[in-house]
Structure formats: structure tokens, C-alpha cells
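Architecture at a glance
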Amino acid sequence: MASYADEMKKFFEANSRTRDVQAHTAKVHSVAWSCDGRRLASGSFDKTVCIYMLDKDRLTKDYTVFRGHGASVDQLCWNPRNPDQLATASGDKTVRIWDARTNKAAATVNTKGENINICWSPDGSTIAVGNKDDLVTFIDVKTHRSKAEEQFKFEVNEISWDNEGDLFFLTSGHGSIHIFSYPELKTLHVLNAHPANCICIEFDPTGHYFAIGSADALVSLWSLPELVCMRAFSRLEWPVRTLSFSNDGKMLASASEDLVIDIAEVETGEKFHQITCDSPTFTVAWHPKRHLLAYACDDRRDRDAGIVRVFGFPSDT
């Protein structure tokens, strides 16, 4: 009987085609799939958000552009309970909540600083946004008002709830992971995870693990709820900027300024595949139901600026 590793290596041999859409005029900072997998969103330095529909073996060329932000869209996320609702964080000191059915902003929430990271609580009720001054604000999705905020005295890089929504994690510039109870925001644990800046954090869909990407070029995998480091992935040579678990929780994609995206088996660390890129990759996102990986690169050449790519389509189409 073929192992999962053999199955996936064979799958990627047959499904190694990348489709791309050039919807933006400048670098894409963030890509994310809606919870039902029907839509892909991208946010860009060009201040816009684009929404693409997924056809069977391609992204449709008809895409929707959301305009309204006054500065770069640095990160975005979908409501995990509503496939039509999207939130964006921008340097214009606002968070916008968009309705993908009406193609309009349902709300604009003014915040205290230039926003750089955003996440949605698992129950869909709250959005957390972090700014350049290390202030994290919690926004009530129904009222569109801030219901709490927390000022940190250290560099906060990325923020996330766990899958249950009762723990809140953030990665720090000191190489540590800070874990808080939610909604009380009481410090429960501080994990000294890496000797260098911890940049990104991602939880696997099964709830067994979370992964940390660091400036030391390592990805560490941690068990839940034990908070034990299970293994490290060390194939990249530059700071790890972005991570994503596959829908079955068995694969982890990681990317950096290396000109490859690494796809590894979670349980063993073995390399399944690598996607070759022309320039650094700063955002990756596995599809919630299929083995499709969306990503966007720095695109240093002007003619490549603003391209969103999806890997994993059949090679013969």
C-alpha cells in the first residue's frame, strides 16, 4: 500500500501546473481563500483588494476589484464562518469589512495606527488587528466597534487565535511566542521558540499542531495542547515569511526570500515538492478543500507586478 508521501509525490507529478492572474499594478502582500474555497482574495501595495472565482482547473479571468483603502493593503482574512465576508488591514489606519456578494465595503473601522496584521476569531464574532506600534485591537464584527485593545511593549509580528478560539497567540521580535487566555488576555505561556525574530504563525486544521516561521530560516512545529516542539524544517536559507497547512493538515508550505516554496510532510519533515519562483515569496495559502496552493511573489520585474498564482492544477490542461 502506497504511503501518503508516495501518493502526494505522484499527485504533484500529475498536478504541477501553475495558473496566474495579473489583477494588481503593484506587489501583492496577502492571499487567502474563503472558507468554502469558491473565492480567492488578494491585497496589494496598490491599495486594492481583488476577488477571483475558482473554476474547475483555473481562476476565472473575471475578477472583482475592491477600492477604498488610502494606503497599502498589508494583510487580509476571510470570516471562517461566512464565505462572503472579508476583512482587510491597511496602512491608512482603517480595517474594512467587505461583502463579496455586493462587492462593497460593509463597514470601515477607524483604528489608532497603521495596520499590518489581521485575523478572524474561529466563531466569526471578532476581528483582531495589529499595528506598527504593537497595539492589538479587537473589533466586534456585528457592531463594527472596538471592544478591547492591548498595547505590547515588544515587537508584535503576527497574531492568531487557536482553532477553539479560547487562546490568543502572537509572535514576537524576541523569538518568543506569547499565549494568552481569550477573552481575558491573561498571559498563560511564553515560549522561547527561536533565537531570532518569530515572524509568522499558522495553526493546522486538525488542531494538533501550530507552526512558527522565524528569521533564523527555520520552521518549528509545536504540539497542542502540550506546547512541545516536535521538529524543525530547515531547507530554506532566508527568514521564513509565510506558512500554510493543507486542508488535511498533513502538508506544510513555507516560503521566504529563497526562490522556492517548500512543501513538506508535517509528520516527518520530508520534502514532497518544491515550487520554483523567480523572486521572493511573501504569502502562501492552501485551498480549504483541494491541494491547490495560492501564492504571490515580490515580482521585481515591472511586467510581473501584481500577479497572483495558484499551483496544483493538472499538468496536461
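It should be emphasised that the depicted structure is a prediction, and the values quoted were computed from it without experimental measurement.

This brings us to the side chain of D162. Mapped onto the elements of the fold, D162 is located in the loop between β14 (156-161) and β15 (167-172). Reaching out from D162, the side chain makes a polar contact with the backbone nitrogen of G165 at a distance of 2.8 Å. Not counting the four nearest positions on each side in its chain, D162 is found in contact with P122, L167, F169 and F203.

The four strands are arranged β18-β19-β20-β21 in an open sheet whose pairing can be described as antiparallel. If you trace the sheet from one side to the other, it starts and ends with β18 (198-203) and β21 (229-233), each paired once. Ignoring strand direction, the axes of neighbouring strands in this sheet form an average angle of 20°. Pairing of β18 with strand β19 (residues 209-214), which is carried by five bridges, proceeds in the antiparallel orientation. Within β19, the position partnered with I201 by the bridge is I212.

Under the criterion given, the structure shown has 16 aromatic pairs. Between F152 and F180 the ring centres are 5.6 Å apart and the planes differ by 55°, which places this aromatic pair in the tilted class. Of the two residues, F152 is situated in the loop between β13 (145-151) and β14 and F180 in strand β16 (residues 176-181); the sequence distance between them amounts to 28 residues. Residue F152 is classed as buried on the basis of its relative accessible area, which comes to 11%. For F180, a relative accessible area of 5% puts it in the buried group. Here the aromatic rings of W161 and F168 are separated by 5.0 Å at their centres, their planes lie at 75°, and the arrangement is edge-to-face.

Between side chains of opposite charge, a pair can form when the charged atoms approach closely. One pass over the structure, following the stated rule, counts 11 salt bridges. With a shortest N-O distance of 3.8 Å, K27 and D298 are connected by a salt bridge. Here K27 is found in the loop between β1 (17-22) and β2 (28-33), whereas its partner D298 is found in the loop between β27 (293-297) and β28 (307-313), with 271 residues between them in sequence. Between E114 and K132 there is a salt bridge, with its nearest N and O atoms 3.2 Å apart. Linking E114 in the loop between β9 (104-110) and β10 (115-120) with K132 in the loop between β11 (126-131) and β12 (135-140), this pair joins segments that are 18 residues apart in sequence. One network of salt bridges, with partners in common, ties together R39, D84, D99 and R101.

Summarising burial for β27: five of the five residues are buried, a large majority. Hairpin geometry of strand β26 (residues 281-286) and β27 is characterised by an intervening segment of six residues between the two adjacent antiparallel strands. Sheet topology places β27 next to β28; three bridges connect them, and they run antiparallel. Residue pairing across strands places A294 opposite V310, the latter belonging to β28.

The subject of this paragraph is the sheet that holds β16. If you trace the four strands from one edge of the open sheet to the other, you get β14-β15-β16-β17, paired in antiparallel fashion. Of all strands in the sheet, those bounded by a partner on one side alone are β14 and β17 (187-192). Each strand of the sheet is rotated relative to its neighbour by a mean of 20°, with strand direction disregarded. Direction of pairing for β14 relative to β15: antiparallel, over a ladder of four bridges. Bridging across to β15, S160 finds its partner in F169.

As a further point, take unusual backbone geometry. A cis amide bond, omega 15°, links Y182 with the succeeding residue P183. Following the sequence through the fold, P183 ends up in the loop between β16 and β17. A cis amide bond, omega 5°, links L224 with the succeeding residue P225. One non-glycine residue, K47, adopts positive backbone phi at about 80°. Along the chain, the position of K47 falls in the loop between β3 (39-44) and β4 (49-54). Judged by relative accessible area, which is 40%, K47 ranks as partly exposed. Backbone geometry at L185 places phi at a positive 60°, although glycine is not the residue there. Along the polypeptide, L185 turns up in the loop between β16 and β17. A relative accessible area of 13% places L185 in the buried class.

With that settled, the discussion passes to the UniProt feature "repeat: WD" (unreviewed entry) in the protein chain. This chain's UniProt record puts "repeat: WD" (unreviewed entry) on residues 21-62, 66-108 and 191-224. Helix makes up 0% of residues 21-62 and strand 57%, with an end-to-end C-alpha separation of 10 Å. Within the segment residues 191-224, helix and strand shares are 0% and 56% respectively, and the terminal C-alpha atoms sit 13 Å apart.

The rules behind these values
Residues numbered from 1 in each chain as written. Predicted model: local features only at pLDDT ≥ 70, side-chain atom pairs only at ≥ 80, totals over all residues. Heavy atoms only, no water. Helix = DSSP H or I, 4+ residues; strand = E, 2+ residues; numbered from the N terminus. Polar contact = N/O pair within 3.5 Å; in protein donor to acceptor, adjacent residues only side chain to side chain. Contact = heavy atoms within 4.5 Å. Pairing = 2+ DSSP bridges. Axes fitted to C-alpha atoms, helices over the stretch in contact; angles between N-to-C directions. Phe/Tyr/Trp six-rings, centres within 6.5 Å; stacked < 30°, edge-to-face > 60°. Buried < 20%, exposed > 50% of the residue type's maximum accessible area, 1.4 Å probe, protein only. Salt bridge = Lys/Arg side-chain N within 4 Å of Asp/Glu carboxyl O. UniProt positions renumbered as here; feature names shortened; annotations may be inferred.

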